[in-house]
Every structure is written in structure tokens, then in C-alpha cells.
Amino acid sequence: MAALGGRGRAAAALLRRGTPPPGLGAGPRRYRYKEKWAATAPRIPPTRLALHHFDVNYSLQLKDLWPSVRASLLCEQKYGALLNNFSAVDHVPQELELLNATDIVSEARKKAQRSQQAAAAEEVGRGESRSQEGSGEGRTAMRAETVTQAEMSPLLRASITSNIKCYTFPRGDITRFRPARPDTLGLLDYYLIDAASLLPVLALNVRPDDLVLDLCAAPGGKTLALLQTGICGRLAANDVSISRTKRLHQILHSYVPKEIRETVSVTSCDGRDWGQLQGGTFHKVLVDVPCTTDRHSAMEDDNNIFHKRRTKERQMLPMLQLQLLIMNM
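Not measured: the values here are computed from a predicted model.

Draft legend 1. Region of interest: the pattern of salt bridges. Applying the stated criterion to the full structure yields nine salt bridges. For Lys284, the salt bridge identified is with Asp210, shortest N-O distance 3.1 Å. Of the two residues, Lys284 sits in strand E8 (residues 284-286) while Asp210 sits in strand E5 (residues 210-214), which places them 74 residues apart along the sequence. Judged by relative accessible area, which is 7%, Asp210 ranks as buried. A salt bridge links Arg310 to Glu313; the shortest N-O distance between them is 2.8 Å. When its relative accessible area of 40% is taken as the criterion, Glu313 is described as partly exposed. One salt-bridge network, in which partners are shared between bridges, spans Glu95, Arg178 and Asp189.

Draft legend 2. Representation of the packing of helix H3 (residues 46-62) against helix H4 (residues 66-73) in the model. Viewed as axis vectors pointing N to C, H3 and H4 meet at an angle of 145°, and their least axial separation amounts to 9 Å. Our pair here, H3 against H4, has a crossing hand that is right-handed. Here Leu51, Phe54, Asp55, Tyr58, Ser59 and Leu62 of H3 come into contact with H4, specifically with Trp66, Val69, Arg70 and Leu73. Here the contact of H3 with H4 is composed, by residue class, of seven nonpolar, one polar and two charged.

Draft legend 3. Molecular detail of the pairing of strand E1 (residues 80-83). Residue alternation in E1 divides its side chains into two sets, Gly80 and Leu82 and Ala81 and Leu83, and both sets are buried. Both E1 and strand E4 (residues 190-193) contribute to a ladder of four bridges, which runs antiparallel. Counted as the bridge partner of Leu83 is Tyr190 from E4. Sheet topology places E1 next to strand E3 (residues 166-168); two bridges connect them, and they run antiparallel. Residue pairing in the sheet places Leu82 in a bridge with Cys166 of E3.

Draft legend 4. Spotlight on a positive patch on the surface. Together, Lys78, Lys110, Lys111, Arg114 and Arg171 make up a positively charged patch on the protein surface. With respect to the helices, strands and loops of the structure, Lys111 is situated in helix H6 (residues 104-130). Judged by its relative accessible area of 59%, Lys111 is exposed.

Draft legend 5. Local environment of the sheet that holds E4. An order of E2-E3-E1-E4 is seen for the four strands of this open sheet, with the pairing classed as antiparallel. Both outer strands of the open sheet, strand E2 (102-103) and E4, are each paired with one neighbouring strand and no more. Packing of helix H10 (residues 221-228) onto the sheet brings it into contact with E1 and E4, and relative to E1 it is tilted by some 40°.

Draft legend 6. Representation of the sheet that holds E8 within the structure. Read from one edge to the other, the open sheet built from four strands follows the order E7-E6-E5-E8, with strand pairing classed as parallel. With partners counted over all chains shown, the strands left at the sheet margins are strand E7 (264-267) and E8, one partner each. Strand-to-strand, the axes of this sheet are offset by a mean angle of 15°, without reference to chain direction. One ladder, built from five bridges, connects E5 with strand E6 (residues 232-238); its direction is parallel. Within E6, the position partnered with Asp210 by the bridge is Cys232. Across the sheet, H10 lies against E5, E6, E7 and E8, angled at about 175° from E6, the strand it touches most. Running at roughly 160° to E7, helix H11 (residues 242-255) makes contact with E6 and E7 of the sheet.

Draft legend 7. A look at the packing of aromatic side chains. Overall, the coordinates contain seven aromatic pairs when judged by the stated rule. Taking the centre distance of 5.5 Å and the plane angle of 85° together, the rings of Tyr191 and Tyr255 count as edge-to-face. One end of the pair, Tyr191, is in strand E4; the other, Tyr255, is in helix H11, with 64 residues separating them in the sequence. In this structure Tyr191 comes out as buried when scored by relative accessible area, which is 9%. Among the residues examined, Tyr255 registers a relative accessible area of 6% and is labelled buried. Aromatic ring contacts, followed pair by pair, group Phe54, Tyr58, Trp66 and Phe306 into a single cluster.

Draft legend 8. Geometry of the packing of H10 against H11. Across the interface, H10 lies against H11 with an axial gap of 9 Å and an inter-helix angle of 35°. Crossing hand, H10 versus H11: right-handed. Where H10 abuts H11, its residues Thr223, Leu224 and Leu227 lie against Leu248, Ile251, Leu252 and Tyr255. Its residues assigned to classes, the contact of H10 with H11 comprises six nonpolar, one polar and no charged.

Reading the values: rules and limits
- Residues numbered from 1 in each chain as written.
- Predicted model: local features only at pLDDT ≥ 70, side-chain atom pairs only at ≥ 80, totals over all residues.
- Heavy atoms only, no water.
- Salt bridge = Lys/Arg side-chain N within 4 Å of Asp/Glu carboxyl O.
- Helix = DSSP H or I, 4+ residues; strand = E, 2+ residues; numbered from the N terminus.
- Buried < 20%, exposed > 50% of the residue type's maximum accessible area, 1.4 Å probe, protein only.
- Axes fitted to C-alpha atoms, helices over the stretch in contact; angles between N-to-C directions.
- Left-handed = near helix turned anticlockwise from the far one by under 90°.
- Contact = heavy atoms within 4.5 Å.
- Nonpolar A, V, L, I, M, F, W, Y, C, P; charged D, E, K, R; others polar.
- Pairing = 2+ DSSP bridges.
- Patch = residues over 30% accessible without salt bridge, like charges linked within 9 Å, V, L, I, M, F, W, Y side chains within 5 Å.
- Areas by Shrake-Rupley, 256 points an atom, 1.4 Å probe, with all protein chains shown as cover.
- Lys, Arg positive; Asp, Glu negative; His and termini not counted.
- Charge placed at Lys NZ, Arg CZ, Asp CG, Glu CD.
- Phe/Tyr/Trp six-rings, centres within 6.5 Å; stacked < 30°, edge-to-face > 60°.

Nothing here speaks to function; it is all geometry.
This is the structure:
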């Protein structure tokens, strides 16, 4: 075998070190690599832990309803379009209705009216059967009084006076709403929100000139919905997270005129210390306490509260929720 020259020996030395000689491309380098699963990924993903937790607990609470709720939880999230009453765009309801979207608040009110009127009529029928000997005028007066009481129940009054309009597509229709558009003043025409988030706002039954506190307000959907009622005497919005409070400010700036924004007091403090730090009394307090955010927990691994690193945080959630409620009653 011929001896290597000076240049040959240098090239051989480079190859032994894994460095290709000048003029040659990088060749494949053979090595063994074993991924360290224990350090990079949990054995059981947090989404699977969350779903197992929900199966164990919600199946006991919801019973036969849980399978359908579970299927909905694992489907793509559907949003509602909360109309912005401050925006000068009158054609938006007609545009949404042409797309087969309906105002769920108005529909719920009509359904509740029909249901309560039917219940009232049934009650009248039972009363008439118990008092067949009563006069016709007395039965008519009792029927009218019962129906009137049904029509003026607190739930119906909340729906009638709320001024809240939220459009959604029918069940099974996963059409997405177009992005919100600004009007001539720069205010967006609607806000995309999980329609279920409106239920506590409606249940709050805000009355004219009520002083209202939204204790865990960010990112701002419920605060915006409260402003849509147009009857809050004063609204205070608070959230413990400074970054989420910035998001709340952005929502108010995008949807609410300056003169209305200036009447909203936005703070960032621990809701459990609200009485000591801010004080004041309110007619209504909305407390959307931190929770397991079920859909996110069942669908996304990122920032999942069922991750093993957040086990203690999750276990402390019931205590945190209880403290927020008790400290602000």
C-alpha cells in the first residue's frame, strides 16, 4: 500500500475528526441517539388526564347528559357574535340573519315566555278544576293574573331589559363569523364570544343605575356585555393579571366610545383583597372565578392546568374560588 503524501495525511486526519476536507460536502455522520422521554414529555398527556378527570366527575353529575356534553367539548368551539350597540352599523343584524344566524337571547326569551305561559295555563286549569263552583269572572281574573306573573318573572325581565343581542349559527352549523369591522368612528361591529359566557350577565339582572363590579373581568367579554345593557350606573372591572388587564383595556378601546370608557374603573389586584385595597359597595358583583377551562384542558397541551407541574395549582382552585366568593359577599 502506497504511503500517503502530506496532503493525504491531512485529509485522513480531518475525516477521523468528522470534518470533511476542503472542496467536499458534508457527508452523513453516523451516531446513536435516544430521546429522553422522561425529561421531554409526560407519560400521560395532560389532555388525556383532563378527559379522564371529566369522565369520572361529570358522568356522576350530568349522568345521561354527559356523553353529548363530552362530544360537544371535543368539537371545534363555536362562537357567538355579541353585537356592539355603540357601533353605528345598523345593517349587521340583517347581514347575520341572511347567513341563517339567530339572536339566541331573543329566542330564549320567546321560548321562556311560551313555556311559562303554558305552565300558567296548566295552573289555571288545575285551579278551575278545584273550584268548579266559582264564578266565571273569578276564574278569568285568576287566569289573567297567573299569566301576567309568568310574563314578568325575573328571568324574562332580565332578557327584556338587557339590550344584549348575540347571534349564533344553528346546531351542527360550524360556519365561522367574518372578522369584526370598524365603523366610521373606528368601533368594531361585534365581539366574538363563547355564548355561554353571557348567561351570568343575564342572570345578574342589572337594573338602571346599578353599581356593578366585574371582579375577574379579563379578557373583557363579560365587561363588554355589561356595557351593552346601557343601564349600569357605574361599572368597575378588575383582574389579578396585569397582562390580561391590558387585554381588557384593548377591548374597551376597540368597542366602547371614549366618554363611556372613562366611566369604567379598571384595576388590577387580587380579588380576595378587593375590600381592603379598593373598598366600596355595589348592587351587583359578577365573579367569574378561575377554573379548569374544560375545553382548553381537553384539547390543548400548552398551558394546560392538568399538566403535572400545575397539579398543586389545580388542587387549590376550589379554595381560591370559595375565597373569591366569600370575600366579596
